[in-house]
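Architecture and fold: a report
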Amino acid sequence: MSFPEKELTYVKRRDCSTQVEILRKMASGQAPPISTDPRLLFEIARVNKLLMHPGWPDLQGDAAEQVNAELNFGRMRGMLSNNRGLKLAAEITEALDAGQIPHLHLKGPLQQIRLYGTPLFKPSGDVDILVAPKDRIAAGKILEEAGFKPTEAELGSWWVHFLGERHFEAPDQPIFVDLHHSVQQPGLPRPRNLVGFLHRAVRQSVANSTLPVPSPPDMCLIAAITLCKAFLSHEPAGSVALDMIKAFEGLELDERDQLEQLARQTGLSETLDFAMALATTSIGQDGLPPRSHELLADRSAETVRDMVFQPWKKGLSFPRRREILASLCGRDLWRLVRESNRAFLSNAFLNVIARTRKPVGEVGETKR
């Protein structure tokens, strides 16, 4: 979900607080004011992946003409990309089912259908697939046999061993497939019993196909993981915070009880609590009041909102990485030690690559 640094230049040079408040109201279902700089609103919405939100205000005036044209063009591109992604997802499921590889689709248009009732809520250039660690090699071979090409050779070992994923480029299409055998990055605690997500998967009908997706409670846990990853990396995550809220709001009462139980079983209770605090504080929703969390103590709602929507803003006091990891590991000291070692080894591995392959500033940059 990260953007190249050059694509953040425009918003980083400006105070986007007014525009962030407009996006917050839009995301929470309120009617936003429309008296604003159209270009700045467009750019901050773009990096937060909210350009396709149906609550977008009707911008008026000469300055808005170009922005509205770009907005319509961006939405058309997003629609084309998401439709291609859905078709490709069905093809991948057909291939993996034929190879008897249990899997599920983590995010993308399929998630948007579940949360928003449409596959066209935000642009997605990736197809994210989760498989069991024991199946990652076999699943990769199936993708290669289907014409998908492995990418990012220089960082391949780091992606596989520390982020738990491999990247493939779709044949004749500008779409990437992220084949995951883990769902967490160094610096945050990994869930226990990863294969449980696969066992609890449900089938979702799309056109003439049925594709495996996370169960509703698991969708909340995955949204929580994604939001915490963005927070740790200081990436804009307005749409991810909204995903978190929508995933939770869509649960029945018994599913909310199941969510709490699964969070305890997977060791993600603290991750879920923190993500809910970030989402409810930064966006807010009727019937879902802001939650508190020790990592956000003494920080105003406006500060938390900026951390989520414009994390580059000067003066923001983010918790230190080790504080975040310690909090999300709970009281499990050995888990904290293991995850701290993993984070240390990940950085050391990247530093070795940086010295031998690329300038340091380029190492670790992810594709969009």
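Below is a summary of the structure that appears in this document. (Residues numbered from 1 in each chain as written. Predicted model: local features only at pLDDT ≥ 70, side-chain atom pairs only at ≥ 80, totals over all residues. Heavy atoms only, no water.)

**Quick word on the overall build of the chain**
The number of helices and strands found in the chain is 15 helices and seven strands. Computed over its C-alpha atoms, the radius of gyration of the chain comes to 20 Å, within 12% of the 21 Å expected for a compact globule of 368 residues. When the backbone C-alpha atoms are referred to their principal axes, the chain occupies close to 55 × 50 × 45 Å. Counting over 368 residues, the chain shows a buried share of 53%. (Helix = DSSP H or I, 4+ residues; strand = E, 2+ residues; numbered from the N terminus. Rg over C-alpha atoms; globule rule 2.2 N^0.38 Å. Buried < 20%, exposed > 50% of the residue type's maximum accessible area, 1.4 Å probe, protein only.)

**Re the side chain of serine 215**
Here serine 215 is to be found in the loop between β7 (209-213) and α9 (216-233). Note on serine 215: relative accessible area 6%, which makes it buried. Look past the residues within four positions of serine 215 in its chain and what remains in contact with it is Arg114, Arg200, Ala201 and Val202. (Contact = heavy atoms within 4.5 Å.)

**Topic: a negative patch on the surface**
A cluster of acidic residues, Glu252, Asp254, Asp257, Glu260 and Asp273, forms a negative patch on the protein surface. Ranked by the residues each element gives to the negative patch, the list is headed by helix α11 (residues 253-266), at three residues. Its place among the elements puts aspartate 273 in helix α12 (residues 269-282). (Patch = residues over 30% accessible without salt bridge, like charges linked within 9 Å, V, L, I, M, F, W, Y side chains within 5 Å. Areas by Shrake-Rupley, 256 points an atom, 1.4 Å probe, with all protein chains shown as cover. Salt bridge = Lys/Arg side-chain N within 4 Å of Asp/Glu carboxyl O. Lys, Arg positive; Asp, Glu negative; His and termini not counted. Charge placed at Lys NZ, Arg CZ, Asp CG, Glu CD.)

**Describing helix α7 (residues 156-163)**
By the burial criterion, the buried members of α7 are Trp158, Trp159, Val160, Phe162 and Leu163. Contact partners of the buried residues in α7: α6 (136-145), β4 (165-169) and α15 (333-356). Note on α7: the residue one or two positions beyond its end, glycine 164, has a positive phi of about 70 degrees.

**Here we look at the nonpolar core**
With 79 residues, the main nonpolar core has Leu23, Ile44, Trp56, Leu227 and Met244 as its most contacted residues. By residue number, the principal contributor to this core is α9, which donates 12 residues. (Core = buried A, V, L, I, M, F, W, Y, C linked by side-chain atoms within 4.5 Å.)

**What about the pairing of strand β6 (residues 202-206)?**
Here β6 pairs with β7 via five bridges, running antiparallel. Residue serine 205 lies in a different strand from β7, and its bridge partner there is threonine 210. A loop of two residues connects β6 with β7, the two strands running antiparallel in sequence, and alanine 207 in this loop sits at a positive phi of about 55 degrees. (Pairing = 2+ DSSP bridges.)

**Structural notes on the packing of aromatic side chains**
Overall, the coordinates contain five aromatic pairs when judged by the stated rule. With 3.7 Å between their ring centres and 0 degrees between their planes, tyrosine 116 and phenylalanine 121 make a pair best called stacked. Comparing tyrosine 116 with phenylalanine 121 shows no difference in burial state: the two are buried. Between tryptophan 158 and tryptophan 159 the ring centres are 5.4 Å apart and the planes differ by 65 degrees, which places this aromatic pair in the edge-to-face class. One aromatic cluster in this structure is built from Phe231, Phe274 and Phe318. Stacked on the ring of tyrosine 10, the Lys or Arg arginine 14 has its end atom at 3.7 Å from the ring centre. Between arginine 200 and the ring centre of phenylalanine 197, over which it is positioned, the NZ or CZ distance is 5.4 Å. (Phe/Tyr/Trp six-rings, centres within 6.5 Å; stacked < 30°, edge-to-face > 60°. Lys NZ or Arg CZ within 6 Å of the ring centre and 35° of its normal.)

**So, helix α13 (residues 301-309)**
Listing the buried residues of α13 in full gives Val304, Arg305, Asp306, Met307, Val308 and Phe309. Where α13 is buried, its residues touch α2 (17-27), α3 (38-47), α9, α10 (238-249) and α12.

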